[in-house]
Amino acid sequence: MSNWAAKRFWKETTVEVTEGGFTVALDGRLIKTPAKTPLVVPTRALAEAMAAEWDAQVEKVDPNTMPFTRMANSAIDKVIPQFAEVADMLAAYGDSDHLCYRATGPEELIARQSALWDPVLDWAESVLNVRLSPVAGVIHAPQNPQDLARMTARVHDFSHFQLAAFHDLVAISGSLVLAFAVSEGHLPPEEAWNLSRVDEKWQEEQWGEDELATEQAAVKRDAFIHAHRFFRHCAG
């Protein structure tokens, strides 16, 4: 595998107002996505976050250190061409939401899941007007079609930039409800992340911490929290 990486060729990084929003310029040259589409974002806050990433590059450009730019690229190159498909895929999580599948034992874990997850489902009922029903075990139990339709409509209401961030909130947590709770400002992302890992934390308490699993969880946690930051920047 090649270790080639683009070298930093510019001296000045600026945020520019352009048609449709804001973008980043490198020595006056407007940046583009990997598909060569102008990288125009909806808010100055998001453009400034991207500009900071570009300005932080030293000798070589490392995309791994540029999460805002990467997600904006994804919103334009990947989400726009298949918006409906992505939205439907994420909305489908509601029919098998992580918060709805409960342990059958031991009693301590059952009680912990109920104490931590039920309030989030109650919030979804009061704010989103959906009532997802928990089930014991892992066998799929369909949710109310009307509730699923309401959640699907909400997902389709996002912009393509918001949907790119919402994708990670849903996919990493396994929960459409938790993703809504974060995007609606009901839960801080750190709390939602911890709620998504109730089962894993229980296992750690019983059997001890696995070093590799802990490292992988840390990477996912960072990605989850970044997705929330990106979503928030989409609104200014």
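What counts and what doesn't
- Residues numbered from 1 in each chain as written.
- Predicted model: local features only at pLDDT ≥ 70, side-chain atom pairs only at ≥ 80, totals over all residues.
- Heavy atoms only, no water.
- Helix = DSSP H or I, 4+ residues; strand = E, 2+ residues; numbered from the N terminus.
- Buried < 20%, exposed > 50% of the residue type's maximum accessible area, 1.4 Å probe, protein only.
- Contact = heavy atoms within 4.5 Å.
- Areas by Shrake-Rupley, 256 points an atom, 1.4 Å probe, with all protein chains shown as cover.
- Pairing = 2+ DSSP bridges.
- Salt bridge = Lys/Arg side-chain N within 4 Å of Asp/Glu carboxyl O.

Student: Please explain the overall build of the protein chain as it appears in this structure.
Tutor: Each helix and strand in the protein chain was counted, giving ten helices and five strands. With the principal axes as the frame, the protein chain shows a C-alpha extent of 60 × 40 × 30 Å. With 236 residues in all, the protein chain has 43% of them scored as buried. If you take every contact in the protein chain between residues at least 6 apart in sequence, the share linking residues at least 24 apart comes to 63%. Accessible surface computed for the protein chain: about 12600 Å², of which carbon and sulfur atoms make up 54%.

Student: What should I look at first to understand the pairing of strand β2 (residues 21–26) in this one?
Tutor: Within a regular beta strand, the side chains point alternately toward one face of the sheet and then the other, so they alternate between its two faces. Along β2, six of the six residues are buried, which leaves the element largely enclosed by surrounding structure. Two elements, strand β1 (residues 13–18) and β2, share six bridges in a ladder whose sense is antiparallel. Following the sheet pairing, T14 is matched in β2 by A25. Between β1 and β2, which pair antiparallel in sequence order, lie two residues; one of them, G20, sits at a positive phi of approximately 95 degrees. Relative to strand β3 (residues 29–30), β2 runs antiparallel, the two being bridged by two bridges. Among the inter-strand pairings, A25 is bridged to a residue of β3, identified as L30. Once β2 ends, the chain turns through two residues before running back antiparallel as β3, passing D27 with a positive phi of about 50 degrees.

Student: Is there a simple way to think about the pattern of salt bridges in this case?
Tutor: Pairs may arise between side chains of opposite charge once their charged atoms sit close together. Here the structure, examined in full by the defined rule, presents ten salt bridges. Between R8 and D55 there is a salt bridge, with the nearest N and O atoms lying 3.5 Å from each other. Of this pair, R8 sits in the segment before β1 while D55 sits in helix α1 (residues 44–56), and the two are 47 residues apart along the sequence. Accessibility expressed as a relative area gives 44% for D55, which makes it partly exposed. With a shortest N-O distance of 3.0 Å, R112 and E205 are connected by a salt bridge.

Student: Could you clarify how one ought to interpret helix α2 (residues 67–79) in this entry?
Tutor: Three- or four-residue spacings in an α-helix give side chains the same orientation, since the helix completes a turn every 3.6 residues. Among all positions in α2, only F68, T69, M71, A72, N73, A75, I76 and V79 are buried. Looking at the buried positions of α2, the neighbouring elements they touch are α1, α3 (83–91), α6 (160–173) and α10 (211–233).

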